[in-house]
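Here's the letter readout for the chains.
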Amino acid sequence: MADIEEKFSPTDKDDDVIATFNSWLKESETYHNALLAKQRISYEYYLGNQTYKDQLPPHRSDTVENRVFEAVETLVPVATSNAHQFAVLPASEDPKSLLKADKLRKVLISKYDVLEMQRKLEDITRHMCIFRFGVLKYEWDEVDIRVRVVDPRLILIPKLRLNPHDLPYVIEIQEYTRAEMEEYFPKYAEDFTESKKVDTGDDKKGVKQVFEVWTKYTVAWICENQVLDIKENPYYDFKGVKKKMIDKSKGKIFEKLRFFNHLEEPEKPYVFFVPFNVSDGPIAETSLVEVGIPIQDAINMQKRSIIDNLRKTGNGQVYVDADAMSQEEADNLTDEPGLIVRGAGVASENKVRREPGVPLPNAHFSNLQHSEAVFDNLMGTHSATRGQAQAKTLGQDILSRQQDFTRIDILTRELNRGVARLANGIVQLMKMFYTEAHTIKILGEAGSMELVKLSQEDIEDHIEVIVKSGINLPMDEISLRTEAVQLWQLNALGPVTLFERLKFPNPALSAQRLLAWKTGQLTQETQARIAEMEAQSAMNMQVEMKKMQAEGLGEKPGVETPMNVMQRAKAGLGGTAPTKTAK
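It should be emphasised that the depicted structure is a prediction, and the values quoted were computed from it without experimental measurement.

Novice: I'd like to hear about the overall build of the protein, residue by residue, with values.
Specialist: A count of helical and extended segments in the protein gives 15 helices and 16 strands. Of all 583 residues assigned to the protein, the portion counted as buried reaches 37%. Relative to all contacts within the protein whose residues are 6 or more apart in sequence, the contacts with residues 24 or more apart total 66%. A total of about 34,700 Å² of accessible surface is found on the protein, and carbon and sulfur atoms cover 52% of it.

Below you can see the structure in the form of structure tokens.
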């Protein structure tokens, strides 16, 4: 591969670059066409064009129970419901380094929202389910960073036993109108005759195909065996900038070449999302939709059989004796409500008889239910996950959802890995192109706005960007609230956090009210306990007095009575106890 890449650089002749490109195009187009054939089928099933729907005769039902669409659109919000969180490990323990790392963390969180990453990850999840893989591309548009979703059908890659990020090249098929060619490549816009195109599943007219070819070190734009442009990878600093440095030990100033790179080596600006890959190529041999197509066909065929049979049952055959009416009169018999038939002997059952159709056996309906259950098991989208709870208890529904989440978890993990790679690519662009401070508006948790200024100087060398998704899969609201109450009971959760998880409108105010109520409750409980103790002591004193009177003792000089005990106890709380004197 090294020899091939050496012939694909800005210093090489155009003829050598074109020769290398043509060999790559031939190699990758075969793999691309094989993928495209399967992608077309999956996409048609997603749209509802299933089980030879367009080839059925008019008298046959073409019903489609589109479980594919239902499953995909159930998986997408579940797999992408949790926004990713970012952490930045500083280059050192220096306080300034810690502040810079925290500033970058805040900017990454803001970029995640500004770039609408959650919506783009929804598209990526659909592509993984339908087209086998998804692709994101990060770019610098001369003003700021942008991230866009690339249709997998526009990507050409070789079939090699490598991770797609380690492939020697990636070719993206781009389509340009005449006006766009004049804007981006004015030198080559004069001849706009359409030529042979690579099949992308969408035959657009009035556009030219331009191939954007990336290696780790080079990017080129090629159209009809012409090199429109070629240059070094613009997203990696190969040249560096001379910076004045201070040697504190010697007290001298010297110049050093500094490279503004976050990545250790140049990378192609594409992020691939490839689940279920156990093939001998960079892309999986199947997708969720492809695996579900045979079961989807079985469901459609059974549904159509039921509808066709219902038509026959509701409009059965009519037997008419030849002497009951003429052929013309028999031809006029319909299934119109309130139809009146007049003829000789037609009122007799022996002359005219309606024979209903034969209903389907129950085994047919059982087979349909079994097919639907198998499809749900395959996709991990049972009724509770789809929002159609059918279990007898809430616990069964929650258990069913958790079982589905274990299946969906593989998609979530792939999204997490891709976002981590994307985040490092974005930091690379910031470190290269944020030569001047960019001001980013950040909305705090309490609703306050913070203005953060970030430049390439704030992004230190050797930092680490970590991406977390919180939890791999979302818990349902009931599980979250149950967990919060349990943590509160274990004294492992504060009152404000408890009310936040319980979705109270103002958690802080609710916590203050709880504290005030508990303080008042404590005071009331203390007063009630004191009153109870006094009542018990008074009762004990009365019993003791009655006992002493019964024994003829009464009060004796110098002897402490139960009354004296009560007075002494009260004196301990405040006041003085009277002293009993002898008479």
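Anyway, onward from the coordinates.
Novice: Give a description of the sheet that holds strand 4 (residues 155–156) that names residues and reports values.
Specialist: Taken together, five strands build an open sheet; the order of strands is 4-5-6-7-8 and the sheet is antiparallel. The open sheet is flanked by strand 4 and strand 8 (226–232), the only strands paired with a single partner. Relative to strand 8, strand 7 (residues 218–223) runs antiparallel, the two being bridged by six bridges. Bridge pairing in strand 8 places Trp221 opposite Asp229.

Novice: Describe helix 3 (residues 67–79), with residues and values.
Specialist: In this model helix 3 runs 18 Å from its N-terminal to its C-terminal C-alpha over 13 residues, within 8% of the 18 Å that 1.5 Å per residue would give. Residues Arg67, Val68, Ala71, Val72, Thr74, Leu75, Val76, Val78 and Ala79 constitute the buried set of helix 3. A side-chain oxygen of the first residue of helix 3 lies 3.4 Å from the backbone nitrogen of Val68; this N-cap is Asn66.

Novice: If you had to explain the packing of helix 3 against helix 9 (residues 362–379) to someone new, which residues and values would you point to?
Specialist: Where helix 3 contacts helix 9, the two axes come as close as 11 Å, and the packing angle between them is 30 degrees. In terms of orientation, helix 3 lies roughly parallel with respect to helix 9. For the pair helix 3 and helix 9, the crossing hand works out as right-handed. Across from Arg67, Val68, Ala71 and Leu75 in helix 3, the residues of helix 9 making contact are Glu372, Phe375, Asp376 and Met379. Considered class by class, the residues forming the contact of helix 3 with helix 9 number five nonpolar, no polar and three charged.

Novice: I'd like a description of the packing of aromatic side chains, backed by residues and values.
Specialist: A complete count under the given rule lists 16 aromatic pairs for this structure. Relative to Phe211, the ring of Phe21 has its centre 5.4 Å away and its plane inclined at 50 degrees; by these criteria the two rings are tilted. Pair noted here: Phe21 is in helix 2 (residues 14–47) and Phe211 is in strand 6 (residues 208–214), with a separation of 190 residues, a long-range link. For the residue pair Phe21 and Phe211, the accessibility class agrees, reading buried in each case. Connected via pairs of aromatic rings, a cluster forms that spans Trp140, Trp214, Tyr235, Phe433 and Tyr434. Looking at Arg153, its charged tip hangs above the ring of Tyr43, at a distance of 5.1 Å from the centre.

Novice: Describe the nonpolar core, and please don't skip the residues or the numbers.
Specialist: Ranked by internal contacts, the top residues of the largest apolar core, which has 83 residues, are Leu104, Leu108, Leu136, Phe272 and Met430. Per element, the largest residue contribution to this core is ten residues, and it comes from helix 11 (residues 394–433). Each residue touching Leu104, except ones within four places of it in the same chain, is listed here: Val88, Val427, Met430, Leu454, Ile459 and Ile463. With 17 residues, the next largest nonpolar core counts Phe21, Trp24, Leu156 and Ile222 among its residues.

Novice: So what's going on with a nonpolar patch on the surface? Residues and values would help.
Specialist: Taken together, the side chains of Leu443, Met449 and Leu451 present a nonpolar region at the surface, about 360 Å² in accessible area. The topology assignment puts Leu443 in strand 14 (residues 438–443). Exposure remark for Leu443: the relative accessible area of 65% places this residue in the exposed category.

Novice: An account of helix 4 (residues 95–114) is needed here, citing residue identities and associated values.
Specialist: Its 20 residues place the ends of helix 4 29 Å apart at the C-alpha level, agreeing with the 28 Å of an ideal helix rising 1.5 Å per residue. By the burial criterion, the buried members of helix 4 are Ser97, Ala101, Leu104, Val107, Leu108, Ser110, Lys111 and Tyr112. One or two steps after helix 4, the chain reaches Glu116, where phi turns positive at roughly 55 degrees.

Novice: Provide a residue-level description of the side chain of Gln39, including the pertinent values.
Specialist: Tracing the chain through its elements places Gln39 in helix 2. By relative accessible area, Gln39 is classed as buried at 2%.

Novice: Help me get a handle on the sheet that holds strand 2 (residues 134–140), residues and values and all.
Specialist: Reading across from one edge, 3-2-11 is the order of the three strands in this open sheet, with antiparallel pairing throughout. Edge positions in the sheet fall to strand 3 (145–150) and strand 11 (270–273), since each has one partner strand and no second. Between one strand axis and the next, the sheet turns through 20 degrees on average, direction left out of account. Alignment of strand 2 against strand 3, held across six bridges, turns out to be antiparallel. In the strand pairing of strand 3, Lys137 is matched with Arg148. Of the strands in this sheet, strand 2, strand 3 and strand 11 touch helix 5 (residues 117–131), which is tilted by about 145 degrees from strand 2.

Criteria and thresholds
- Residues numbered from 1 in each chain as written.
- Predicted model: local features only at pLDDT ≥ 70, side-chain atom pairs only at ≥ 80, totals over all residues.
- Heavy atoms only, no water.
- Helix = DSSP H or I, 4+ residues; strand = E, 2+ residues; numbered from the N terminus.
- Buried < 20%, exposed > 50% of the residue type's maximum accessible area, 1.4 Å probe, protein only.
- Contact = heavy atoms within 4.5 Å.
- Areas by Shrake-Rupley, 256 points an atom, 1.4 Å probe, with all protein chains shown as cover.
- Pairing = 2+ DSSP bridges.
- Expected span 1.5 Å × (residues − 1).
- Polar contact = N/O pair within 3.5 Å; in protein donor to acceptor, adjacent residues only side chain to side chain.
- Axes fitted to C-alpha atoms, helices over the stretch in contact; angles between N-to-C directions.
- Parallel < 35°, antiparallel > 145°, perpendicular 65-115°, else oblique.
- Left-handed = near helix turned anticlockwise from the far one by under 90°.
- Nonpolar A, V, L, I, M, F, W, Y, C, P; charged D, E, K, R; others polar.
- Phe/Tyr/Trp six-rings, centres within 6.5 Å; stacked < 30°, edge-to-face > 60°.
- Lys NZ or Arg CZ within 6 Å of the ring centre and 35° of its normal.
- Core = buried A, V, L, I, M, F, W, Y, C linked by side-chain atoms within 4.5 Å.
- Patch = residues over 30% accessible without salt bridge, like charges linked within 9 Å, V, L, I, M, F, W, Y side chains within 5 Å.
- Salt bridge = Lys/Arg side-chain N within 4 Å of Asp/Glu carboxyl O.

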